[in-house]
Amino acid sequence: MKSNMKRLLGTCSLLLLIVMLMVKCKKSENVEIVPEVEEPKPTAGFTFVKPDTLKFLEYQFTGSSTNYKSLLWQFGDDSTSVAVNPKHTYRFPGKYKVTLTTRNGQGYTAAKEVMLNVVDPTIDYSICGENYMKTIGGKFSVNLEAGAGPDSPEGSKKLVDQDINTKFLQAGFDGTQKCTFELNTPQVVGAYTLTSGNDAADRDPRYWILQGSLDGIQYTDLHTVTACPWENTNEGASRKQTKLFHFDNYIAYKFYRLYIKSNRGSRVFQLGEWTINKKQP
């Protein structure tokens, strides 16, 4: 009797399962699949102006993009924004690639790129003579040298050979790199240039101080930079690119020192060229 009951219950359970599966299949067959409506493709567009001609580093960007759900501005100096009409202030003169990328809800994107040439209007480059853009004579030294010595293919002398195609490379960078000019005679220096190396952007200096000294013992901070001025890419226009920096100074120092406190994170430091320059004539 118990055996018959078990068989009966098993049969009922099987029938119930079959009925449930058939109902589920029937319901699935009746589900209507609604095709996804394709969104309009996004566009990317913008204009830019300098709101104040005296503030030559400041730019106002105005977007004219359409059909987008999100956007991203890249200003070419490691800065970004998601504002529709951002205002951006560059830290240094130079050439910067500005990119606006838009995206719609289905993942389609559009982009617009513009190359900005940010120029200091107070400098008349047509009258800047060789003393302005070339290193003043004297002795050059570093506290941490390339492994193969100053005369090696990537030794410290390459930093002041007036050739941007060479570079100084120092392994084991620890944030204490000091490069020093001892001038033949004291000079009032009001500008300097740095040229990025030919590869590996994480080796570029990011935080440095230019210092001056009368005796080579006590140094005065003259100019400090805390953000890398070159684009964070290992190739293209940011490699072997020269940046010009100005600072206020009215003292004729005999020693000028570049104190490199950090780079972009590498244990190797590189720099293509360094010049110290007289004030604009």
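Relevant structure appears above.
Residues numbered from 1 in each chain as written. Predicted model: local features only at pLDDT ≥ 70, side-chain atom pairs only at ≥ 80, totals over all residues. Heavy atoms only, no water.

Engineer: Go over the layout of surface pockets with me, naming the residues and quoting the values.
Structural biologist: Counted as a void, the second largest pocket has a volume near 150 Å³. If you trace the second largest pocket, you find 15 residues lining it, with Lys97, Met115, Glu231, Ala237 and Ser238 closest to the centre. Looking at the lining of the second largest pocket element by element, the count peaks at 3 residues for strand β6 (residues 94-103). Grouping the amino acids of the lining of the second largest pocket by side-chain chemistry returns 5 nonpolar, 5 polar and 5 charged. (1 Å grid on protein atoms, 1.4 Å probe; cavity = no way out; pocket = protein on both sides within 12 Å on 5 of 7 lines; lining within 4 Å. Points joined across faces, edges and corners; volume = space filled by probe spheres on them. Helix = DSSP H or I, 4+ residues; strand = E, 2+ residues; numbered from the N terminus. Nonpolar A, V, L, I, M, F, W, Y, C, P; charged D, E, K, R; others polar.)

Engineer: I'd like a description of the pairing of strand β7 (residues 109-118), backed by residues and values.
Structural biologist: In terms of strand pairing, β6 meets β7 through 10 bridges, oriented antiparallel. Bridge pairing in β7 links valine 98 to valine 114. In sequence, β6 turns back onto β7 through a hairpin of 5 residues, with glycine 107 there showing a positive phi of about 90°. (Pairing = 2+ DSSP bridges.)

Engineer: Any details on unusual backbone geometry? Residues and values, ideally.
Structural biologist: Keep in mind that most residues, glycine aside, have a negative phi and that most peptide bonds are trans. Positive phi is not limited to glycine here, since asparagine 67 has a value of about 60°. Within the secondary structure, asparagine 67 is located in the loop between β2 (58-63) and β3 (70-74). A positive phi angle, close to 45°, is found at alanine 200, a residue other than glycine. With respect to the helices and strands, the residue alanine 200 is situated in the loop between β10 (177-195) and β11 (205-213). With a relative accessible area of 16%, alanine 200 lands in the buried category. (Buried < 20%, exposed > 50% of the residue type's maximum accessible area, 1.4 Å probe, protein only.)

Engineer: Outline the pattern of salt bridges, listing residues and values.
Structural biologist: This structure, assessed with the given rule, holds 9 salt bridges. As a salt-bridge pair, arginine 239 and aspartate 204 come within 2.6 Å of each other at their nearest N and O atoms. Remark: aspartate 204 occurs in the loop between β10 and β11 and arginine 239 occurs in the loop between β12 (219-225) and β13 (242-246); sequence separation between them is 35 residues. The structure contains a network of salt bridges with shared partners spanning Asp78, Asp204, Arg239 and Arg264. (Salt bridge = Lys/Arg side-chain N within 4 Å of Asp/Glu carboxyl O.)

Engineer: Got a sec to walk through the packing of aromatic side chains? Specific residues and values, please.
Structural biologist: Evaluated as defined, the whole model comprises 20 aromatic pairs. Aromatic side chains tyrosine 59 and tyrosine 90 sit 6.1 Å apart centroid to centroid with 80° between the ring planes, which places their arrangement in the edge-to-face category. Of the two residues, tyrosine 59 sits in strand β2 while tyrosine 90 sits in the loop between β5 (87-89) and β6, which places them 31 residues apart along the sequence. Its relative accessible area of 2% is what places tyrosine 90 among the buried residues. On the numbers, 6.2 Å between centres and 75° between planes, the contact of phenylalanine 168 with phenylalanine 269 is edge-to-face. Taken together, the positions of phenylalanine 168 in strand β9 (residues 168-171) and phenylalanine 269 in strand β15 (residues 268-271) put the pair 101 residues apart, joining distant regions of the chain. Assessed through its relative accessible area of 0%, phenylalanine 168 is described here as buried. Taking the relative accessible area as the measure of exposure, phenylalanine 269 reaches 0% and is therefore buried. Members of the aromatic cluster, connected to one another through ring pairs, are Phe46, Phe48, Tyr59, Phe61, Trp73, Phe75, Tyr90 and Tyr96. (Phe/Tyr/Trp six-rings, centres within 6.5 Å; stacked < 30°, edge-to-face > 60°.)

Engineer: Give a description of the side chain of serine 196 that names residues and reports values.
Structural biologist: Here serine 196 lies in the loop between β10 and β11. Among the polar contacts listed, one links the side chain of serine 196 to the backbone oxygen of serine 238, at a separation of 2.6 Å. There is a polar contact of 3.0 Å between the side chain of serine 196 and the backbone nitrogen of lysine 240. Those residues in contact with serine 196, other than ones at most four positions away along the chain, are Asp204, Trp230, Ser238, Arg239, Lys240, Gln241 and Gly272. (Polar contact = N/O pair within 3.5 Å; in protein donor to acceptor, adjacent residues only side chain to side chain. Contact = heavy atoms within 4.5 Å.)

Engineer: Please provide a residue-by-residue account of the nonpolar core, values included.
Structural biologist: In terms of nonpolar packing, the biggest core is built from 43 residues, with Phe61, Tyr90, Tyr192, Leu194, Leu258 and Trp274 touching the most fellow members. When sequence neighbours within four positions are dropped, the list of residues in contact with tyrosine 192 reads Trp208, Leu210, His223, Val225, Lys243, Leu244, Phe245, Phe247, Trp274, Thr275, Ile276 and Asn277. (Core = buried A, V, L, I, M, F, W, Y, C linked by side-chain atoms within 4.5 Å.)

Engineer: Could you give an account of the sheet that holds β5, with specific residues and numbers?
Structural biologist: Ordered in space as β1-β2-β5, the 3 strands form an open sheet in which the pairing is antiparallel. Single-partner strands in this sheet number two, and they are β1 (46-49) and β5. Strand-to-strand twist across the sheet, computed as the mean angle between neighbouring axes with direction ignored, equals 25°. Two elements, β1 and β2, share 4 bridges in a ladder whose sense is antiparallel. Looking at β2, one finds that phenylalanine 48 is bridged to phenylalanine 61. (Axes fitted to C-alpha atoms, helices over the stretch in contact; angles between N-to-C directions.)

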